[in-house]
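# Fold and contact review
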Amino acid sequence: MNPYLAGFFLGLVLLTTIYITGRGLGASGAIKSVVVASVKMAAPQHYEDSRFYEEYDKSHPESPLRSWLVFEILGVILGAFLSGLISDRIVLKLEKGPGIRNGIRIIAAITGGLFFGFGALFARGCTSEAALSGMAVMSFGGILTMMVIFGSAYGLAYFARRLWLKR
Amino acid sequence: MGPLVPEIISNEFNLVIAFIIGIGFGFILEQAGFSSTRKLAGLFYGYDFTVLKVFFTAGITALIGILLLAHLGLLDIDLIYINPTFLWSALIGGVIMGAGFIIGGFCPGASICAAAIGKIDAFAFIFGSILGIFIFAESYPLFEEIYKMENWDAVRIDQYFSISPELFAFLITIIAIGAFITTTQIENRINNKKVTFSRSQLIKYLVLGGIPFIIIAILTYTPDRQEYIRHQISDTQQQKKCIIKEISSDKLAHELINNYYKINLIDVRSQDAYKEYHLPLAINIPLDDITNHEWKAYFVQKYKINVFYADKDTIARKACLLARFIGKSENYVLKESPGQFRNLFFNIEPPSNDALKTEFNTYRFRVQSARELLYLENALKNSYNLLRKENQK
């Protein structure tokens, strides 16, 4: 799809979301809900004692799995699957830069995810929640986070070039 | 008026909407190519700037859309969630996320789309983010202090720089278009592609690029809905056209005593004037606050009538007209001023002995009404206080 057209449609989805719910889109928040729910189920005693879960519980009186973002992400999975289906892109495959081994790619993906998940909690939102939705509502913090994410990635791109470019 | 949750759409149905919106979100991200880690990484090595183009176009579309809806009075911009600014956490979290982006080649939303179409590395990334979130949650006490430092609250960037939202929208659109042109050139140079635009293509891009500027110009140079309403109600021509129903003090007193639950008596004077003296059972909504969201419920309902009063007849009339713009409630204006009402009911002198019988009747009615109004006010205040105590428990 033409990137500008896709961006326009994505903007309309975001606008609709804000018009209906008063809040923007998100992604890492849903994973957070799943993590919190798992801890609550697996280790209820620990859940009670931990500062982080205590604060989460206070701000989310309902069950973590009933949060808006969890339902949104279930939709995302279906939407992306449908898109892959009509564009014939559904295939089990490991995508990576040229010239790195599969094992390295997996380790890098886990490490990258770890950093992203940790950072998203630290900054109160990821590229969807803080950067994209933050830009739409002109949040100072959101736009700042957006610039820092991309600035940091550009700054580190040189050191990570072996993961993505031909030698 | 938006946002529709929770007043128009219930929280339950909202979860269904979340699912439907998610489908749109996921579909577009996947169609735009966010499910490919090579495309995402291309942004940082200059061979593919798709992600930047999608991202910026989406942000600007939504931003201008929000301003447009607010301008038309369809969305209350003060009610939407503005991500709060915590300076240190935004900076530190952003740097860490940037590292995650370039090492892992995904952001969380993109990884979920990629996993949905079977990318194995995306599953690894999601597994990593679960770990990262878990580690943050477990080590939270270590970071709590810095996480909460420099809390600037929900400050908007236009407020921070004291510029109008329209000016910010204008500036960021210019930046985006500049970025689109530059990145396309970089892309073509790195991929050794020679691209020339045909005349019709150029015209197409010029027209499309002009649309946001036209909308911003409209936003800047036309009065918004609030201004329009205020203009309409101050226009004496308009005031004359609109017939306003009046209610006399005696009739009001009679109605209040018998049907107090069917009437909102609204004092539209300033707070101070209200505190000094107000009619029994009256609530205070200063004229300038009538269009505020918190009072909307009074003007959209059709079960109770609203009776406005002020010291000046014209102010009460303005309030009545404003209410008519907001909703469909039945509105009346009190003929007398609150001072006159007080004199009629509470500072009343008995008529002289040779007065007519009707004068005696009126006198008796007013004295009786005054007593009953005070009684009602105290009784309702009492039950209201009890209710509030109950809620606090």
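Residues numbered from 1 in each chain as written. Chains lettered and ligands numbered in written order. Predicted model: local features only at pLDDT ≥ 70, side-chain atom pairs only at ≥ 80, totals over all residues. Heavy atoms only, no water.

Turning our attention to the interface of chain B and chain A. At the junction of the two partners, chain B supplies 122 residues and chain A supplies 117 residues. Of all residues in chain B, the largest losses of buried area upon contact with chain A belong to F25, F55 and M97 of chain B, amounting jointly to 7% of the total for that side. Inspection of the chain B/chain A interface yields six salt bridges. A salt bridge links R51 of chain A to E144 of chain B; the nearest nitrogen and oxygen atoms lie 2.8 Å apart. Between the two partners, chain B and chain A, sit 46 residue pairs in polar contact (both at pLDDT 80 or more). Tallied by class, residues from the side of chain B that touches chain A come to 81 nonpolar, 30 polar and 11 charged. (Contact = heavy atoms within 4.5 Å. Buried area = accessible area lost by both parts, 1.4 Å probe. Salt bridge = Lys/Arg side-chain N within 4 Å of Asp/Glu carboxyl O. Polar contact = N/O pair within 3.5 Å; in protein donor to acceptor, adjacent residues only side chain to side chain. Nonpolar A, V, L, I, M, F, W, Y, C, P; charged D, E, K, R; others polar.)

It is common to give the size of an interface as the accessible area lost on bringing the parts into contact. Looking at chain B, the domain boundaries give domain 1 (11-226) and domain 2 (237-392). Each of domain 1 of chain B and domain 2 of chain B has a C-alpha centre, and the two are 51 Å apart. (Domains from an automatic or database assignment.)

The next thing to look at is the domain arrangement of chain A. All names here are of chain A. Split by domain assignment, chain A resolves into domain 1 (1-91) and domain 2 (95-167). Here the C-alpha centre of domain 2 lies 18 Å away from the C-alpha centre of domain 1. Overall, the association of domain 1 and domain 2 removes approximately 710 Å² of surface from exposure, summing both partners, and the carbon and sulfur fraction of that is 73%. Put simply, domain 1 and domain 2 have zero salt bridges between them. Put simply, domain 1 and domain 2 have four residue pairs in polar contact (both at pLDDT 80 or more) between them. Those elements that provide at least two residues to the side of domain 1 that touches domain 2 are α1 (3-21) and α2 (28-42). In the side of domain 1 that touches domain 2, the residues fall into seven nonpolar, four polar and one charged. (Helix = DSSP H or I, 4+ residues; strand = E, 2+ residues; numbered from the N terminus.)

In this structure, F44, I66 and F101 of chain B are the most contacted members of the largest nonpolar core, which totals 115 residues. Those residues within four positions of F101 of chain B in sequence are excluded, and the remaining contacts are F116, T127, I149, F150 and A153 of chain A together with L40, F44, F106 and C107 of chain B. With 21 residues, the next largest nonpolar core counts A253, L256, V307 and Y332 of chain B among its residues. (Core = buried A, V, L, I, M, F, W, Y, C linked by side-chain atoms within 4.5 Å. Buried < 20%, exposed > 50% of the residue type's maximum accessible area, 1.4 Å probe, protein only.)

This paragraph deals with helix α1 (residues 11-32) of chain B. Under the 1.5 Å per step criterion, the end-to-end length of α1 of chain B is 31 Å for 22 residues, consistent within 8% with the ideal 32 Å. Count one or two residues on from α1 of chain B and you reach G33 of chain B, which has phi positive near 100°. (Expected span 1.5 Å × (residues − 1).)

All names here are of chain B. Most of strand β4 (residues 263-267) is tucked away: five of the five residues are buried. The alternating pattern of β4 places I263, L265 and D267 on one face and N264 and I266 on the opposite face, and all of these are buried. As paired strands, β4 and strand β6 (residues 305-309) are joined by five bridges and run parallel to one another. Looking across to β6, one finds that N264 is bridged to N306. As paired elements, β4 and strand β5 (residues 283-284) share two bridges and run parallel to each other. Note that in β5 the partner of I266 across the bridge is I283. (Pairing = 2+ DSSP bridges.)

The next thing to look at is the side chain of E187 of chain B. You can see E187 of chain B is positioned in helix α9 (residues 165-190). Discounting chain neighbours no more than four positions away, the residues touching E187 of chain B are G46, Y47, D48, F49, T50 and K53 of chain B.

Residue and element names in this part refer to chain B. The geometry of helix α3 (residues 50-71) relative to α9 is characterised by a closest axis approach of 10 Å and an angle of 165° between their N-to-C directions. One way to sum up the angle between α3 and α9 is to call them roughly antiparallel. In this structure, α3 crosses over α9, and the sense of that crossing is left-handed. Of the residues in α9, those touching α3 at T50, L52, K53, F56, T57, I60, L63, I64 and L67 are P165, E166, F168, A169, I172, T173, A176, A179, F180, T183, T184 and E187. By residue class, the composition of the contact of α3 with α9 is 13 nonpolar, five polar and three charged. (Axes fitted to C-alpha atoms, helices over the stretch in contact; angles between N-to-C directions. Parallel < 35°, antiparallel > 145°, perpendicular 65-115°, else oblique. Left-handed = near helix turned anticlockwise from the far one by under 90°.)

Take a nonpolar patch on the surface next. Residue and element names in this part refer to chain A. Taken together, the side chains of L78, F81, L82, L85, I86 and I90 make up a nonpolar region of the molecular surface, amounting to roughly 510 Å² of accessible area. By secondary structure assignment, the location of F81 is in helix α5 (residues 68-86). Taking relative accessible area as the criterion, F81 reaches 34% and is therefore assigned partly exposed. (Patch = residues over 30% accessible without salt bridge, like charges linked within 9 Å, V, L, I, M, F, W, Y side chains within 5 Å. Areas by Shrake-Rupley, 256 points an atom, 1.4 Å probe, with all protein chains shown as cover.)

In this section: the side chain of K53 of chain B. Position of K53 of chain B among the secondary structure elements: in helix α3. Separated by 3.4 Å, the side chains of K53 of chain B and T184 of chain B make a polar contact. In contact with K53 of chain B, not counting residues within four places along its chain, are P3 and Y4 of chain A together with F180, T183, T184 and E187 of chain B.

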